[in-house]
Every structure is written in structure tokens, then in C-alpha cells.
Amino acid sequence: MEEKRVRTRFAPSPTGYMHIGNLRTALYAYLFAKANDGDFILRIEDTDRTRYVADAVDFIKNTLKAAHIIPDEGPGYGGDYGPYVQSERKDVYLKYANELIEKGYAYRCFCDPKSDETHGKFGGYPGTCRDLPKETIEKNLAEGKPFVIRQKMPKDGSTTFHDMLHGNITIDNDTLEDQVLIKRDGMPTYNFAHVVDDHLMKVTHVIRGAEFITSTPKHVLLYKGFGWETPAFIHLPAVMGKGEDGSVSKLSKRHGATSFNELVEMGYLPEAVTNYVALLGWSPKSNQEIFTMEEMEKSFSLDGLSKSPAIFDYNKLDWMNGEYFKKMDPREFASESRGFAGDLPENIASKWDYLAGVLQSRISRYDEIPDQIHFFMAMPAFDAELYRNKRNKVTPEKSADILPEAIEGLSDIDDWTPDGINAKLAELVEKTGLKKGLLMWPIRIAASGQKVTPGGVTEILYVLGKDESISRLKASLESLRGYLSENN
RNA sequence: GGCGCCAUGGUCAAGUGGUUAAGACACCGCCCUUUCACGGCGGCUUCAUGGGUUCGAAUCCCAUUGGCGUCACCA
């Protein structure tokens, strides 16, 4: 048998929302196609008119673009098998459904869903119209009675299909219901439309979520009914989330952000999200973890796929995003991060590029920025205990001794630049004979009012500016003295 | 409930009958350090349980348990 060109597809319904699990499915389908020099198709499954969301197709395309998943074919991308939007292919499905009726693998059902008491209940459809006499059907048709087209499932036996990840899966036919193929409104159901489209679009590998495993036999029976070759199936395990109580379930709102876009809004880089998600369920041959899309396209292979569900770990995403920040061009980081900082006073805003440089290696998400820099705008409440640090042998008392000299020295600086400040600080170390850590600690605390700061003394003083720095140091010294006299 | 899928540490995972059971995140400790971060070193913690098969099982089989999924005129 000759090798066919690999063709995969991503077939979302246009809901205006891209769940991270969906994104991963798209990514794997894309990577598999690229790794095999094949084609990746985007197809919109919009056969449920009640779920129509405006602009959702653009939303999907934009999201894929942001994730660097670029379809070879699809709406707006061209291709020889279009249209790639199912609602625009409505007539095609009816034609094929009629073919199935003629072959005896499907039938018209005239039951009214509202008066059918078994509808939607456990046990499902009872097969009322399965063997309607020809006369009745013709009569109903002549009367213009509305109907749906159902698939006629075998009553016994079983259906087996091969899944490239899971191996052979067999399901008894008596668990299969006579599912609807064409709905009352003339639209096909997913279960029917995707089979027809996958065949017509020459899709070779169907990569989708594991939730479709149990309905795959129905699809296989459809292929058989038509006499079509079935594609290869790869059913991906779900992406899970872990709740605070330790329970595990499909990733959902209660676990935090669940969509690609939310993650990006929180300040994760699209590349990092894609990279992280790729590793959630796929393991490369090597121990490499940071991948460009090009690298993934080369090294992706099915045998690295995991069969078990994976829990989405924000911790690791944070780490990975931080790695991407570190590799980022500083100018790009400065401009991309600026929006997350919010309104800044002029003296800070004018030094944004510098401050961003300090932040770049210290944060793992853009949205950490406001908390990180808040102290520049407002001095936190005084806390004497901050002036105590074991490693540098700093105490509030010593700090009160050190600060006056520091203030005096710093006040002399004309050249208020990182270099200028640094030089003066070094000079103070020299002059006082104090250990660096012992001298720097109180100054940093007095200027920032917090134990943990982005950057060291030099960075903080520079960003604060001379006037503000000196006045903060003086005010802090006052507070410290007040505290000491009260407590002695 | 029927049916199906899954099962290596807190998390992602390598592993395909013989290994000291990789690596990463997180966590803890130490070192370095002008804070934080970075970096370095070390530690913690895993083959769900019970039966087989085998000289030998994380690896093969069965059962149990647990988790998840599915039973729509949704996809």
C-alpha cells in the first residue's frame, strides 16, 4: 500500500472560547502533520445553530495564530476541499444521508421529540420508526411531516476499531443507539458531519479527545456503510485540574484560568503556554523542555504520547514562562510589560525600561508587576522587624547608627545614576569599614519599606530618584528612632 | 447503573522482563550573594492492591479498587 500524505484536522465548534485542552488537541494534530510533512486543516463545526456565537471563527483563527498553529487549509486559508465551514456544506450531508437510507443503514424518524416520552431519558430512543412500512413513510412525507434521519445500528455483534494510542477497542453494538444523523432543521449532527467531511477532505488521522472513544464505533459503522476506508484514530486523554480539596476533574473554571486567552491576559507568553501544553501529555525523546515550535515540529511523534490524563500545573507554567522572560529581548520585555504596570508617576514611568530590566528575570507572569512595584508609589507601613536580618547581622539598633551616615553620603551624589549610586555605596563601605551586607540592608529597607524587593539598593534608589530616596531614608530613620526610644 | 478508557513521587514524566526506577516543576536544607531572583550542591517522595506467568516483573495476564469518560435532534 502506498504511503498517503498525512492530513490531520482540528474541528472546533465556534464557541468564542478556546479551552486549553482543545488547544492541545489542535497543537498535536498540527505537530503530527508537520512532523510527517503533511497538511493541517481547520474546519469549523457549526451545525448547532442554537450555539452560534458571532465572530467566533475569527476568534479561533486569531488564537491559533497567537499559538503559532497555522492551518494549511481552512476558512480563509484556502484549500481544495472547501468550504471548511459545515453550515456551508449543509446539502452535502443530506445527499449522503439519503444514500445511507437507500442502503438500509439509516431511516427517517417522524417522532416528535416533545411528545416522545423516552426522549433524553436513560435507555434512549426505543426505535419506534426503525421499521416503518413504506406506505406510512410515503404518507408522512406527502403530508410534509417533519422528520430526522437516524442511523440503523446492528442489534447484535460488536464493533472493533484500532486506536494508535490505545490499541484495539471493542464495543458491543447493543450499546449503540440509533443516533440522529440529520436533525429536524436539516443540519447534520456532529457524529455524521465529521465522518462525511473527514472522508471528503481526505483526513488520514483523526486526532481528538478521549471523550469520543465510546462513540467511535458509530462512526466506524458509518464508514462501513458508505464503503469508505476509516482513518487512523488517536484519542487524546483529557487535561485535568486539581481542586483545593485535592479532587481531580476535567480542567474547569474552578481550577483557575482554563482558556488560552485568559492565560495570555494573565501575563503568560503565548509561546510559553504552547510549550507547556505540548509537554502535558507528550514527552520528547530527550530531556529537553524548552522548545520552539520548529523544534517541536521536528521532534514530535506519537509514541511519546501519554495515555493517562494529565493535571494542568500552574506552578510549572510559571517556571516555564519565567524561562521565556529571561530569553526575551529586553526592549521587547519592557514594551510588552508596560501595560501591566498601570498608571505610573512620571519619575517612575520615565525609567520604565530600566525598571523592566530589573523585573525581567524576577517575575514569572506579567500580572505580578503591580504588586512588585507598588512600593515605589507608596511607602509601606513602618515595621522595625524588617531591620533585623541574621545573615547580614543587621539589627534595628545598628540600622539607626548606619542610616545617618548613609543619608549624608548619598546626599552628596550629583550623578544620580546606577553607576553613581554604586560608586558612592562602595565608598561608604570603604569609609565605614562595614560589611557590604550590613550597610546595604538598612538602606534598602528604609527606602522600600519591604523585605523583598525587585533589585538591590542601587536599583531601588535610582528608580526612586534622589529627592524621594533621601526623604524616605530620613523618614524611616525617624520612625526607627522613635521605635527604639519607645522600646528601650 | 451499563459500557469504555486510564493507573510510576504533590505535579509533568522516562522506563517496554534483569536499572542504584532518569529528568523537570514544587517543597525543604546548605552554599553563593547588596535583598529577591539567578546559579551550585544535597534531600524529600513513586511503581494503587491482590493474585498469577517467569529463574527474575514497574514492565506480561487476571481480578479488585480508584479516577475519568460516555450513554442528546451538543460538539
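Residues numbered from 1 in each chain as written. Chains lettered and ligands numbered in written order. Predicted model: local features only at pLDDT ≥ 70, side-chain atom pairs only at ≥ 80, totals over all residues. Heavy atoms only, no water.

### Here we look at a negative patch on the surface
Working step 1: A cluster of acidic residues, Glu405, Glu408, Asp412, Asp414, Asp415 and Asp419, forms a negative patch at the surface.
Working step 2: Considering the arrangement of structural elements, one finds aspartate 412 in the loop between helix H15 (396–411) and helix H16 (418–432). (Patch = residues over 30% accessible without salt bridge, like charges linked within 9 Å, V, L, I, M, F, W, Y side chains within 5 Å. Areas by Shrake-Rupley, 256 points an atom, 1.4 Å probe, with all protein chains shown as cover. Salt bridge = Lys/Arg side-chain N within 4 Å of Asp/Glu carboxyl O. Lys, Arg positive; Asp, Glu negative; His and termini not counted. Charge placed at Lys NZ, Arg CZ, Asp CG, Glu CD. Helix = DSSP H or I, 4+ residues; strand = E, 2+ residues; numbered from the N terminus.)

### A short note on the nonpolar core
One broad trend across soluble globular proteins is that nonpolar side chains are buried collectively.
Working step 1: If you look at the biggest cluster of nonpolar residues, it comprises 104 residues, and the most contacted ones within it are Ile20, Ile69, Phe312, Trp352 and Ile443.
Working step 2: Sort the elements by how many residues they give to this core and helix H1 (residues 20–35) lands first, with 10 residues. (Core = buried A, V, L, I, M, F, W, Y, C linked by side-chain atoms within 4.5 Å. Buried < 20%, exposed > 50% of the residue type's maximum accessible area, 1.4 Å probe, protein only.)

### A look at the packing of helix H3 (residues 90–103) against helix H5 (residues 190–200)
Working step 1: Running from amino to carboxyl end, H3 crosses H5 at an angle of 100°, the nearest separation of the two axes being 10 Å. As summarised for this structure, H3 and H5 are arranged roughly perpendicular, according to the angle between their axes. Between H3 and H5, the contacting residues are Val92, Tyr93, Tyr96, Ala97 and Leu100 on the first element and Phe192, Ala193, Val196, Asp197 and Leu200 on the second.
Working step 2: Among the residues making up the contact of H3 with H5, the classes are represented as 9 nonpolar, no polar and 1 charged. (Axes fitted to C-alpha atoms, helices over the stretch in contact; angles between N-to-C directions. Parallel < 35°, antiparallel > 145°, perpendicular 65-115°, else oblique. Contact = heavy atoms within 4.5 Å. Nonpolar A, V, L, I, M, F, W, Y, C, P; charged D, E, K, R; others polar.)

### Let's talk about the environment of phenylalanine 375
Working step 1: Here phenylalanine 375 shows up in helix H14 (residues 369–377).
Working step 2: Each C-alpha atom, one on phenylalanine 375 and one on threonine 453, is 8.8 Å from the other, the two residues being 78 residues apart in sequence.
Working step 3: Setting aside chain neighbours within four positions, we find phenylalanine 375 in contact with Pro380, Ser448, Gln450, Thr453, Pro454, Ile460 and Arg472.

### Describing the sheet that holds strand S11 (residues 248–250)
Strand pairing in a sheet takes place through backbone hydrogen bonds and is either antiparallel or parallel in direction.
Working step 1: An order of S11-S10-S12 is seen for the 3 strands of this open sheet, with the pairing classed as mixed. Both outer strands of the open sheet, S11 and strand S12 (310–311), are each paired with one neighbouring strand and no more.
Working step 2: As judged from the 2 bridges shared by strand S10 (residues 239–242) and S12, these two strands associate in the parallel manner. Looking across to S12, one finds that methionine 240 is bridged to isoleucine 311. (Pairing = 2+ DSSP bridges.)

### Points about the packing of aromatic side chains
Working step 1: With the rule as written, the count across this model stands at 22 aromatic pairs.
Working step 2: Here phenylalanine 312 and tyrosine 314 contribute two aromatic rings whose centre-to-centre distance is 4.9 Å and whose plane-to-plane angle is 65°, an arrangement assigned as edge-to-face.
Working step 3: Looking at phenylalanine 312, the relative accessible area reads 5%, which means it is buried.
Working step 4: Lying across the ring of tyrosine 125, arginine 150 places its NZ or CZ 3.5 Å from the centre. (Phe/Tyr/Trp six-rings, centres within 6.5 Å; stacked < 30°, edge-to-face > 60°. Lys NZ or Arg CZ within 6 Å of the ring centre and 35° of its normal.)

### Here we look at the pairing of S10
Working step 1: As defined by bridge partners, S10 adjoins S11 across 3 bridges and the pair is classed as antiparallel. By the bridge assignment for S11, lysine 242 is matched with valine 248.
Working step 2: In textbook terms, the turn of a hairpin is the stretch between consecutive antiparallel strands, and for S10 and S11 this stretch comprises 5 residues, one of which, glycine 246, has a positive phi near 90°.

### Observations concerning the confidence of the model for chain A
Any segment with low pLDDT has predicted coordinates that should not be analysed in fine detail.
Working step 1: When pLDDT is averaged along chain A, the result is 92, and 98% of the positions lie at 70 or above.
Working step 2: Both confidence scores are given for the complex: pTM 0.93, ipTM 0.94. (pLDDT = per-residue confidence, 0-100.)

### A short note on the pairing of strand S2 (residues 39–42)
Working step 1: Of the two faces of S2, the one holding Asp39 and Ile41 and the one holding Phe40 and Leu42 are both buried throughout.
Working step 2: By the bridge criterion, 4 bridges tie strand S1 (residues 7–10) to S2 in an arrangement that is parallel. Its bridge partner lying in S2, arginine 7 is registered against aspartate 39.
Working step 3: Handedness of the crossover is the feature at issue here: the chain leaves S1, passes through H1, returns alongside S2, and the resulting connection is right-handed. (Right-handed = clockwise from strand over helix to strand, strands pointing away.)

### Description of the layout of surface pockets
Working step 1: Taken as a whole, the largest pocket spans an internal volume of roughly 1,000 Å³.
Working step 2: Taken together, the elements giving at least two residues each to the lining of the largest pocket come down to S1, H1 and strand S8 (205–209).
Working step 3: Here the lining of the largest pocket is built from residues that sort into 15 nonpolar, 10 polar and 11 charged. (1 Å grid on protein atoms, 1.4 Å probe; cavity = no way out; pocket = protein on both sides within 12 Å on 5 of 7 lines; lining within 4 Å. Points joined across faces, edges and corners; volume = space filled by probe spheres on them.)

### Section: the environment of lysine 398
Working step 1: Position of lysine 398 among the secondary structure elements: in helix H15.
Working step 2: Assessed through its relative accessible area of 35%, lysine 398 is described here as partly exposed.
Working step 3: A C-alpha to C-alpha distance of 82 Å links lysine 398 and lysine 183, two positions 215 residues apart in sequence.
Working step 4: Dropping the residues within four chain positions of it, lysine 398 is found in contact with Lys393 and Leu438.
Working step 5: There is a polar contact of 3.0 Å between the side chain of lysine 398 and the backbone oxygen of lysine 393. (Polar contact = N/O pair within 3.5 Å; in protein donor to acceptor, adjacent residues only side chain to side chain.)

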